[in-house]
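Read off the chains here:
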Amino acid sequence: MAEMREQKSLERIIPAMARGGAVTVDQMVPLIYDELRRIAHHRLRAEQTGHTLDTTGLVHEAYLRLVGGQPLEFEGRAHLLAIAAQAMRHVLIDSALSRKTQKRGGGSVPLSLDAAPIIAETRSEDLLALDEALRRLAVIDERQARVVECRYFGGMNIEETAAALGTSPATVKRDWTLARAWLNRELQG
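Residues numbered from 1 in each chain as written. Predicted model: local features only at pLDDT ≥ 70, side-chain atom pairs only at ≥ 80, totals over all residues. Heavy atoms only, no water.

Caption draft 1: Focus on the overall build of the chain. Secondary structure assignment for the chain yields eight helices and zero strands. The helix and strand sequence of the chain, counted from the amino end, reads α-α-α-α-α-α-α-α. Expressed as a percentage of its 189 residues, the buried residues of the chain come to 41%. The contacts of the chain with a sequence gap of at least 6 include a subset with a gap of at least 24, amounting to 66%. When the accessible surface of the chain is summed, it comes to about 11,100 Å², and 53% of that surface belongs to carbon and sulfur atoms. (Helix = DSSP H or I, 4+ residues; strand = E, 2+ residues; numbered from the N terminus. Buried < 20%, exposed > 50% of the residue type's maximum accessible area, 1.4 Å probe, protein only. Contact = heavy atoms within 4.5 Å. Areas by Shrake-Rupley, 256 points an atom, 1.4 Å probe, with all protein chains shown as cover.)

Below is the structure:
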């Protein structure tokens, strides 16, 4: 039932956008909130246990980044989801960088090894390595990097990614295959 209400609301807003009417992120986010929570849950499942962000926290942090910056222009639901996935990526990267800084001391008083908690940081470091490789890929092929953002960070399927990027599903499949191969090679080396 909620999905049907969301669809009807979207059907009213998107034509207004097409006519040049201003639609804000504040108007769109409530309509796609459940989808944003699904994306956030998907991303956090891959993170280390004991992460400081939960699903709601990640959605809200991404929302703050979306509305706190410059005015956004988006072309419908899929495009906004792609932008939100990019914001979630940045929230997770910033969180991983913060944990890495804390791991290196972060200005805290050193503890003895007996008193220091043992924290598994491998996933944070993997995420940082992926982010760095993704930045290098964006220099080579921006669309492939955006496909990875939508698919990996946004949990979007081929069709949603194609809609978000304004390209065909076949192009997304090809870019996804090439980007994964390139990233695997970069991360292995």
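Don't stop here, the text continues.
Caption draft 2: Local environment of the nonpolar core. Core analysis: the biggest nonpolar cluster contains 44 residues, and Leu36, Leu58, Met88, Leu134, Leu137, Val148 and Leu183 have the highest contact counts within it. Among the secondary structure elements, those contributing two or more residues to this core are helix 2 (25-45), helix 3 (55-68), helix 4 (77-103), helix 5 (122-140), helix 6 (142-153), helix 7 (158-165) and helix 8 (169-188). No other element matches the 12 residues that helix 4 contributes to this core. (Core = buried A, V, L, I, M, F, W, Y, C linked by side-chain atoms within 4.5 Å.)

Caption draft 3: Looking closely at helix 7. All of the buried residues along helix 7 are Ile158, Glu160, Thr161, Ala162 and Ala164. Structurally, the start of helix 7 carries an N-cap: the backbone nitrogen of Glu159 is 3.0 Å from a side-chain oxygen of Asn157. Positive phi shows up at Gly166, right after helix 7, with a value of about 70°. (Polar contact = N/O pair within 3.5 Å; in protein donor to acceptor, adjacent residues only side chain to side chain.)

Caption draft 4: The packing of aromatic side chains, seen in detail. Scanning the model with the defined rule gives one aromatic pair in all. Taking the centre distance of 5.0 Å and the plane angle of 85° together, the rings of Tyr152 and Phe153 count as edge-to-face. Its guanidinium or amino end placed over the ring of Trp176, Arg151 lies 4.7 Å from that ring's centre, counting from NZ or CZ. (Phe/Tyr/Trp six-rings, centres within 6.5 Å; stacked < 30°, edge-to-face > 60°. Lys NZ or Arg CZ within 6 Å of the ring centre and 35° of its normal.)

Caption draft 5: Quick peek at the environment of Thr171. Locating Thr171 in the fold gives a position in helix 8. Thr171 sits 27 residues away from Gln144 along the chain, and the two C-alpha atoms are 9.6 Å apart.

Caption draft 6: Quick peek at helix 6. End to end, helix 6 covers 16 Å across 12 residues, agreeing with the expected 16 Å (1.5 Å per residue, within 8%). For helix 6, the full list of buried residues reads Gln144, Ala145, Val147, Val148, Glu149, Cys150 and Phe153. Between the side-chain oxygen of the N-cap and the backbone nitrogen of Arg143 there are 3.2 Å, and the N-cap of helix 6 in question is Asp141. At the exit of helix 6 stands Gly155, carrying a positive phi of roughly 65°. (Expected span 1.5 Å × (residues − 1).)

Caption draft 7: Looking closely at the pattern of salt bridges. As enumerated under the stated definition, the model contains nine salt bridges in all. Here the residues in one salt-bridge network are Arg89, Asp131, Arg135, Arg146 and Glu149, joined through shared partners. (Salt bridge = Lys/Arg side-chain N within 4 Å of Asp/Glu carboxyl O.)

Caption draft 8: The environment of Glu125, seen in detail. Tracing the backbone shows Glu125 in helix 5. Along the sequence, Glu125 and Ile93 sit 32 residues apart, while their C-alpha atoms lie 9.7 Å from each other.

Caption draft 9: The confidence of the model for the chain, seen in detail. Across the chain, the average pLDDT comes to 74, with 67% of residues at 70 or higher. Mean pLDDT values over the elements of the chain span from 54, in helix 1 (residues 2-18), up to 93, in helix 8. (pLDDT = per-residue confidence, 0-100.)

Caption draft 10: Representation of the environment of Arg89 in the model. Its place among the elements puts Arg89 in helix 4. If near-sequence neighbours (up to four positions away) are discounted, Arg89 is found in contact with Asp131, Leu134, Arg135, Glu149 and Phe153. There is a polar contact of 2.5 Å between the side chain of Arg89 and the side chain of Glu149.

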